[in-house]
Amino acid sequence: MTSATDPARDNVGRGILLALSAILIFSSQDAVSKFLVQSDVSPFQMTMMRFWATAVFALGLAWWQGNLRTAFRSKHVGLQIARGALLVADIWMYVLALSTVALAAVQSITLVYPLLVTLFAIPLLGEKVGIFRIGAVLVGFCGALVIVRPGGVPLDWGVAFAAGSGAAYALYIVLTRKVSADDSPTTSMVYNGVVGLVISTAVGVFHWEWLDLNSFLLIGYIMITGVAAHGMMILALSMAPASVLQPFNYTSLPWALLISALIFHEPLDAVSLIGAAVIVGAGLVVMARERIKKITAVAEPTLPGKE
């Protein structure tokens, strides 16, 4: 029997606190990204500069751990490259969605990704999915339809980009589960950074524009706090299991609701809020069933826009 002062339990509490702090930072980055894209800063330039910092962080971490060369050794190089490409596409579409859709609505729609993971895992991982998880997936999709119903969030390319972002991230998670059987988290992180750097820069350079001081400082904020928040998530994952931290990712939604209403004056209507709550509830049911089935959660830092 463990006591209230059990060090292991204390570490889990610290891990949760670090994860919650990182998610708050990522939520602030979403707000900054929305402000920038609405100020005509290219999403492709923004993503490119974000990956510059991500790559430096990933390579620096691997070097600090003393295994920079071995970090590139993967039994699934093709899948690792596909993961990196999916992550870039996810962030591109997420930021593009922010240009026309309220932050809270984008966050709500993309939070269907745990439900899509359940579906994608059937053909890609050979997982058997029972009636409870299938039912939760269907209910969650109904919640998304409530948000984009007639009279709700207007249907435009922004909504399509938000849905695409959630789908890309779900595929990214499934492939991460697949490679994690043989590759270390450090290897996956290094491939994320390097592949993301190459792809985002190959596109971003064609959208490069000199930034005014305000925009430069805001992108600098995203780059610096992104590294800090990723570091916090790595510490959190060293203190608490990924399966324990995973449900706290949904705290990004209340932050998005608050920021959307107070800063951008884009509150969700009451019915859409119900739809968002349905998505979160369905996602939590899926996570609970995965814990019962002992499906390993991805032990990797949370990503901006997918807290």
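The preceding data block contains the structure.
Residues numbered from 1 in each chain as written. Predicted model: local features only at pLDDT ≥ 70, side-chain atom pairs only at ≥ 80, totals over all residues. Heavy atoms only, no water.

**Q** Explanation requested: the overall build of the chain in the structure shown.
**A** Broken down by element type, the chain carries 13 helices and zero strands. Ordering the α and β elements of the chain from the N terminus gives α-α-α-α-α-α-α-α-α-α-α-α-α. Going through the 307 residues of the chain one by one, you find that 50% of them count as buried. A sequence separation of at least 24 residues applies to 89% of the contacts in the chain between residues at least 6 apart. When the accessible surface of the chain is totalled, it reaches about 13,800 Å², and 72% of it is carbon and sulfur. (Helix = DSSP H or I, 4+ residues; strand = E, 2+ residues; numbered from the N terminus. Buried < 20%, exposed > 50% of the residue type's maximum accessible area, 1.4 Å probe, protein only. Contact = heavy atoms within 4.5 Å. Areas by Shrake-Rupley, 256 points an atom, 1.4 Å probe, with all protein chains shown as cover.)

**Q** Quick question: what am I supposed to make of unusual backbone geometry here?
**A** Backbone geometry follows two general trends: most residues other than glycine have a negative phi, and most peptide bonds adopt the trans configuration. Unlike most non-glycine residues, D40 shows phi in positive territory, near 70°. Within the secondary structure layout, D40 lies in the loop between α1 (7–38) and α2 (43–64). Judged by its relative accessible area of 67%, D40 is exposed. With a phi angle near 55°, H265 is a residue other than glycine that sits in the positive phi range.

**Q** Sorry if this is basic, but what is going on with the packing of α2 against helix α9 (residues 185–204) here?
**A** Relative placement of two packed helices is described by the angle separating their axes and the distance separating the axes. Following both chains from N to C, one finds α2 and α9 inclined at 150°, their axes separated by 8 Å at the closest point. By the angle between their directions, the pair α2 and α9 is classed as roughly antiparallel. Relative to α9, α2 is oriented so that their crossing is left-handed. Mapping the contact onto sequence places F44, T47, M48, F51, W52, T54, A55, F57, A58, L59, L61 and A62 in α2 and T186, M189, V190, N192, G193, V194, G196, L197, S200, T201, V203 and G204 in α9. Residue composition of the contact of α2 with α9, by class: 15 nonpolar, nine polar and no charged. (Axes fitted to C-alpha atoms, helices over the stretch in contact; angles between N-to-C directions. Parallel < 35°, antiparallel > 145°, perpendicular 65-115°, else oblique. Left-handed = near helix turned anticlockwise from the far one by under 90°. Nonpolar A, V, L, I, M, F, W, Y, C, P; charged D, E, K, R; others polar.)

**Q** What exactly am I supposed to notice about the packing of helix α4 (residues 77–98) against helix α8 (residues 157–179) here?
**A** It is at 8 Å that the axes of α4 and α8 come closest, and there the two elements cross at 155°. Taken together, the axes of α4 and α8 are roughly antiparallel relative to one another. In terms of crossing hand, the pair formed by α4 and α8 is left-handed. A breakdown of the residues in the contact of α4 with α8 according to their chemical character gives 16 nonpolar, five polar and three charged.

**Q** What is the right way to read a nonpolar patch on the surface from this model?
**A** Together, L24, W255, L258, L262 and I263 make up a nonpolar patch on the protein surface, roughly 470 Å² of accessible area in all. Looking at the nonpolar patch element by element, the count peaks at three residues for helix α12 (residues 252–262). You can see L262 is positioned in helix α12. Residue L262 is classed as exposed on the basis of its relative accessible area, which comes to 58%. (Patch = residues over 30% accessible without salt bridge, like charges linked within 9 Å, V, L, I, M, F, W, Y side chains within 5 Å. Salt bridge = Lys/Arg side-chain N within 4 Å of Asp/Glu carboxyl O.)

**Q** I'm lost on the nonpolar core in this one. Help?
**A** It is characteristic of soluble globular proteins that their nonpolar side chains tend to be buried jointly. The biggest cluster of nonpolar side chains holds 61 residues, and the ones touching the most others in it are L36, M46, V106 and L111. In terms of residue count, the dominant contributor to this core is α4 (10 residues). Apart from residues lying up to four places away in sequence, L36 is in contact with V41, M46, S215, L218, I219 and I222. A19, F26, M232 and A240 belong to the second-largest nonpolar core, a separate cluster that totals 10 residues. (Core = buried A, V, L, I, M, F, W, Y, C linked by side-chain atoms within 4.5 Å.)

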